[in-house]
Amino acid sequence: MSAEAADREAVSGSRPCTPPQTSWFEFLLDPSLLEQHLQGPHPDPSPVQLIIQFLEQASKPSVNEQNQVQPPVDNRRNRTLKLMALKVAAHLRWDLNILEKGAIRTIVLSSFPEKQTKPGPHQLNMMNLVQQEKELMENILSVLREQATDSIMVLERALNIKKDFYIHTLRTLDLLAADPSTANGETESSTAGLHISADHLHCQVHYDLGGIYFQQGCSETSVYEKAREHFRMARELLTKLDFSASLCCLDEQRLAGYWSACRTLTGTSDPKESQHTPYGQISGFMRNHNYGALIEAFIRDNVTFSLPNSFRHSIQLELLHKLQQGDKALEEVCHKLCVCNAVRDALEGGVPCVSFHQLLLNPSKNTISFLLEVCTRSLDKEHLSETSKRKMALFIKTVCDRLDVSLAFMVSSHKLFNELLQDEEKKILMEQMRKSSATVNLSAKQLPSFYDIPVSASVNISQLEQQLILSLDARHIRQILIELHGMAERPFWRVNSKWEVPVDYINVILAIKDNLTRDLVYILMAKGLHCINIKDFVHARQLFTACLELVTEFSPKLRQVMLNELLLMEVRGHEAGAAEGNMERPPSDLVSRVRGYLEMRIHDLPLRQIVGEECVVFMLNWRENEYLTLQVPQSLVNNNPYIKLGQLIASTCKELPGPKESRRTAKELWEVVVQICSVSSQHKRTNEGRVSLLKQRESSLGILPRSKFMTFMKKLREPLVLTTLISLFVRLHSIVRDDIVNEVTAEHISIWPSSLANLQSVDVEAVVVTLKELVNYALTLNPNNQSWLCTQADIYFVTNQYSAAMHYYLQAGTVCSDYFTKPVPLDVYTDQVLKRMIKCCSLLNCHTQVAVLCQFLREVDYMTAFKALQEQNSHDSMDSFYDYIWDVTILEYLTYMHHKRGESDKRQVAIKAIGQTELNSSNPEEVLQLAAQKRKKKFLQAMAKLYF
């Protein structure tokens, strides 16, 4: 044997041998092989896979001589395959948890939300396959939902079965195969097979019917009554059955949860029964507003762990919601529950929630005192484990780190601190607190001036570096650097890793030959930029001015850089004032300097794009459109995408009142934005030589990435500019969604193109997200802009968020009618808007509101109004809205309808409404109009109270 062959044999011999998978046709050749295969430890294929294979093979269609597809042939082979599928199911004891793949249970389980796992970097290539699988599953579920009614009917009929029965086993199926006349085993009246009592059957059916009715209750609350009754029957049957020996596939814990939820939803909870359970006690405390007992229960539960953490946090969120609605008395209760839950989180080894960290930002002494009390009472003194002690110690250390010095000393003086923390931990924490205390005391004093610094050997480099980091005085910084360079020759601009200057300037600054000057320029600029970020414009101006004086002596290039940075600082300072309400126009000197920057010719000068961006934003916000359109040199436009964008936006805004043929710039702006919102497809060649789509990514052809474009737009304040951009994205949104019925509306929408040359390249999600973000941002600047409010309402309408849509439609009407004291202009509440409001109310089951709104249309929509009034399951106040109806035809229909239903009380309300003299048809038109206007006003004001 050659050495190579020996190596191959050694490798193959060392590799574990996996037995080959048994093929489905082998079971046809040897029927005895099936039982032997199923009884193996890990059968491959698995039982469920075998059932699928047998049924797939038995259900394959055939093709005749004319090449026509025919149903599966009913022959011995296919019957044997079906019988073997049944045998496998019998081997599994007909376990529905394994076999159930369709009908009721799948619908119920699919209705529960599942936690989505975030795909990691190695899973991104599988996203398309996952999406296809989700779509396939949704198609299957839609078919199952269509068939659900039949399944429910079958299950309800099964409850009429009163006799016990038997189901097949492997043995009875063998007998059936041998003699088909023995359909139930040995004879028709045989008791062979597995015995199933009627009670077992009913228990299972009640459980599954309860589940489907509970799932349907989300859309029709009265169905919860049916679900509760089925779960009650399942519970009763379960108590008298030997569940361990049963074939019932029933989750007892889920049944208990269903039962508890149904009783709560239907309002049939038994206080006597519930008060003995932790959940019942908590519900009782919440119902009776007994918050003291609630907090005590939470503290006790920190020892017993009887309540799930999710339930505890849901109680905290419920009370927090009430607090946000105006119940200020709950503030202390929320704080105390937050503390209790934080301690519980710590004892479970988790991280305290965000609300607890927010509480520690500015806690009172009482809060810290209560925290220490909860910590003490949450430790089980009799069964205190080392693990619990360490978790609590870590929690106390975390709290100490977050508190200011005085409160941290309050914690460190508590007995728990001494009992739980080790000596070394206590020593480190106390040292940290002493240092913090010293820092606080020092910060209260003024920093010494340069002349107060003793020049002596006792002042070491680290002390000077500390002073260098803290100082904001340019002369002081220069003198410290002179001292440091006298002690050591090294780059002191690296002393603080947080000192940063823009990448565009790094090379120019580091090219300065004198080390002291280089350090000084770098540090002055870095400190100045930091001051701008924290809006300390006074110190920023001082630092930049000193740096400008320094570099003017030796570098014209750096001089211009500092002039640009000083300009950027002043532009930001003025815009920050405008954002806070100071709408005074900028001084002419500042406007001239901005113009000077935009007119600057570039000669090997490092320029930051942010300077151009902020200058463009400044000019747009102060309506300098004429200047941006005509004066900016083309070289700067080509070099800075923000300046190009600003020029196009300014030109479009300037041309808005003009004729259609003057909209060339609008088309150019449209093309630029479309390119920004486009994606490019990346392809990959497979091993077989085929080209497949790998993924799509943001197109690199746009002048800006979409994220930077969004940042740019969120710096704009001028209403016309924002309205123009919103209009552009609304048109783009309508084109990419291609839903003519559910289009979003906006002003000036006609100036944009009505189609796209390459629709497939546009990222639909990017367009949708950008439109939503832009409108939300615009409304933060002016919540009363009627046009933006209508656009926001339309966005919510087309995304099926009808309550939110009504909120914004009503708000749009409010701002242009002085809270409906004046008529809403017809160009605001157009027929399209009113029809959308009608649809919102209809889908919210507020059918009386629908009928009232039908009168607002230019031609009253009687058909929709009558159909709405026929609905009996209305979620609004019904007859309390009759006073807002002025159309006599609708009131007459209401009277007839209530008479037909025998609803005498509601009929009287309708008769009273129709009998008002001001609605008499013989009245002059002015009187009828006044009556209608009065009812419109009151109705819209009532609606505003409902939806605001």
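Residues numbered from 1 in each chain as written. Predicted model: local features only at pLDDT ≥ 70, side-chain atom pairs only at ≥ 80, totals over all residues. Heavy atoms only, no water.

Our next topic: the overall build of the protein. Counting its secondary structure elements, the protein contains 47 helices and six strands. Burial status across the protein gives 42% buried among its 948 residues. Taking as baseline every contact in the protein between residues at least 6 positions apart, the subset at least 24 positions apart corresponds to 65%. (Helix = DSSP H or I, 4+ residues; strand = E, 2+ residues; numbered from the N terminus. Buried < 20%, exposed > 50% of the residue type's maximum accessible area, 1.4 Å probe, protein only. Contact = heavy atoms within 4.5 Å.)

A separate point is the nonpolar core. Within the largest apolar cluster, 165 residues are counted, with the highest numbers of intra-cluster contacts made by Leu 598, Phe 712 and Tyr 829. Dropping the residues within four chain positions of it, Leu 598 is found in contact with Cys 615, Met 619, Tyr 627, Leu 628, Val 632, Pro 633, Leu 636 and Ile 643. If you look at the next biggest cluster of nonpolar residues, it comprises 50 residues, including Leu 294, Val 333, Cys 334 and Cys 400. (Core = buried A, V, L, I, M, F, W, Y, C linked by side-chain atoms within 4.5 Å.)

Our next topic: helix H40 (residues 786-798). Under the 1.5 Å per step criterion, the end-to-end length of H40 is 19 Å for 13 residues, consistent within 8% with the ideal 18 Å. Among the 13 residues in H40, twelve count as buried, and that is most of the element. Of all the residues in H40, the buried ones are Ser 787, Trp 788, Leu 789, Cys 790, Thr 791, Gln 792, Ala 793, Asp 794, Ile 795, Tyr 796, Phe 797 and Val 798. Buried residues along H40 sit in contact with helix H38 (719-737), helix H39 (764-781), helix H41 (802-815) and helix H42 (831-843). For H40, the capping residue at the N-terminal end is Asn 785, with a side-chain oxygen 3.1 Å from the backbone nitrogen of Ser 787. Looking one or two places after H40, you find Asn 800, whose phi comes out positive at around 65°. (Expected span 1.5 Å × (residues − 1). Polar contact = N/O pair within 3.5 Å; in protein donor to acceptor, adjacent residues only side chain to side chain.)

In this section: the environment of Leu 34. As for its position among the elements, Leu 34 is in helix H3 (residues 32-38). Residue class for Leu 34 comes out buried when judged on its relative accessible area of 3%. Sequence separation between Leu 34 and Leu 50 is 16 residues; the distance between their C-alpha atoms is 9.8 Å. Residues within four places of Leu 34 in sequence aside, it is in contact with Phe 27, Leu 50, Phe 54, Met 84, Lys 87 and Val 88.

Here the focus is the packing of aromatic side chains. Under the definition given, this model contains 17 aromatic pairs. Both rings, one in Tyr 893 and one in Tyr 896, keep their centres 6.3 Å apart while their planes meet at 50°; by these two values the pair is tilted. With Tyr 893 and Tyr 896 both in helix H45 (residues 888-901) and three residues apart, the pair spans about one turn of that helix. Accessibility expressed as a relative area gives 16% for Tyr 893, which makes it buried. Taking relative accessible area as the criterion, Tyr 896 reaches 46% and is therefore assigned partly exposed. (Phe/Tyr/Trp six-rings, centres within 6.5 Å; stacked < 30°, edge-to-face > 60°.)

Here we come to the pattern of salt bridges. Inspection of every chain in the model, using the stated rule, returns 34 salt bridges. Linking Glu 613 and Lys 715 is a salt bridge whose minimum nitrogen-to-oxygen distance equals 3.2 Å. Highlighted residues: Glu 613 in helix H32 (residues 609-621) and Lys 715 in the loop between helix H37 (706-713) and H38, separated in sequence by 102 residues. With a relative accessible area of 4%, Glu 613 lands in the buried category. You can call Lys 715 partly exposed: its relative accessible area is 25%. Of the charged contacts, one joins Glu 918 and Lys 934 as a salt bridge, the two residues approaching to 3.3 Å between their closest N and O atoms. (Salt bridge = Lys/Arg side-chain N within 4 Å of Asp/Glu carboxyl O.)

The subject of this paragraph is the environment of Ala 297. Inspection of the secondary structure puts Ala 297 in helix H16 (residues 291-304). For Ala 297, a relative accessible area of 9% translates into the label buried. The sequence separation of Ala 297 and Leu 307 amounts to ten residues, and the corresponding C-alpha distance is 9.9 Å. Setting aside anything within four residues of it in sequence, one finds Ala 297 in contact with Ile 282 and Phe 285.

Now for the state of the cysteines. Tallied over the full model, the rule gives zero disulfides. Cys 854 takes part in no disulfide bond, and the closest cysteine sulfur, belonging to Cys 841, lies 9.7 Å away. The exposure class of Cys 854 is buried, given its relative accessible area of 0%. (Disulfide = S-S within 2.5 Å.)

Summarising the element assignment, Cys 547 is placed in helix H29 (residues 537-552). Overall, the relative accessible area of 0% leaves Cys 547 in the buried class. Counting along the chain gives 27 residues from Cys 547 to Leu 520, while the straight-line C-alpha distance between them is 8.1 Å. The residues contacting Cys 547, other than those within four sequence positions of it, are Val 521, Leu 524 and Met 562.

Next up on the list: unusual backbone geometry. Positive phi, close to 55°, is recorded for Tyr 819, a residue that is not glycine. In this fold, Tyr 819 is placed in the loop between H41 and H42.

This part is about the packing of helix H11 (residues 198-216) against helix H12 (residues 223-239). Taken N-terminus to C-terminus, the directions of H11 and H12 make an angle of 155°; their axes are 8 Å apart at the nearest point. The orientation of H11 with respect to H12, classified from their angle, is roughly antiparallel. Of the two possible hands of crossing, H11 and H12 adopt the one that is left-handed. Contacts from Asp 199, His 202, Cys 203, His 206, Tyr 207, Leu 209, Gly 210, Gly 211, Tyr 213, Phe 214 and Gln 216 in H11 reach Val 223, Tyr 224, Lys 226, Ala 227, His 230, Phe 231, Met 233, Ala 234, Leu 237 and Leu 238 in H12. Its residues assigned to classes, the contact of H11 with H12 shows 13 nonpolar, six polar and two charged. (Axes fitted to C-alpha atoms, helices over the stretch in contact; angles between N-to-C directions. Parallel < 35°, antiparallel > 145°, perpendicular 65-115°, else oblique. Left-handed = near helix turned anticlockwise from the far one by under 90°. Nonpolar A, V, L, I, M, F, W, Y, C, P; charged D, E, K, R; others polar.)

This part is about the packing of helix H43 (residues 847-854) against helix H47 (residues 925-947). Where H43 contacts H47, the two axes come as close as 12 Å, and the packing angle between them is 145°. Handedness of the crossing formed by H43 with H47: left-handed. Here H43 contributes Gln 849, Val 852 and Leu 853 to the contact with H47, which in turn contributes Phe 939, Met 943, Leu 946 and Tyr 947. Here the residues of the contact of H43 with H47 are counted per class, giving six nonpolar, one polar and no charged.

Of the positions making up helix H25 (residues 461-470), those classed as buried are Leu 464, Glu 465 and Leu 468. Taken down its axis, H25 places every buried residue within 100° of arc, on the same side. In this structure, the buried residues of H25 make contact with helix H26 (474-487) and helix H28 (515-533). (Arc of directions from axis to C-beta.)

With that out of the way, let us pick up the side chain of His 847. Structurally, the position occupied by His 847 is in helix H43. With a relative accessible area of 7%, His 847 lands in the buried category. Contacts of His 847, omitting those with residues within four sequence positions, involve Ser 842, Ala 868, Glu 871, Asn 873, Ser 874 and Asp 876.

It is worth spelling out the confidence of the model for the protein at this point. Parts of the prediction with low pLDDT should not have their coordinates interpreted in detail. When pLDDT is averaged across the protein, the result is 78; 79% of the residues are at 70 or more. Here residues 438-459 scores under 50 on pLDDT; set against residues more than four positions off or in separate chains, the count is 15 contacts. Segment residues 691-695: pLDDT under 50, and 17 contacts once partners within four positions in sequence are set aside and those in other chains are kept. (pLDDT = per-residue confidence, 0-100.)

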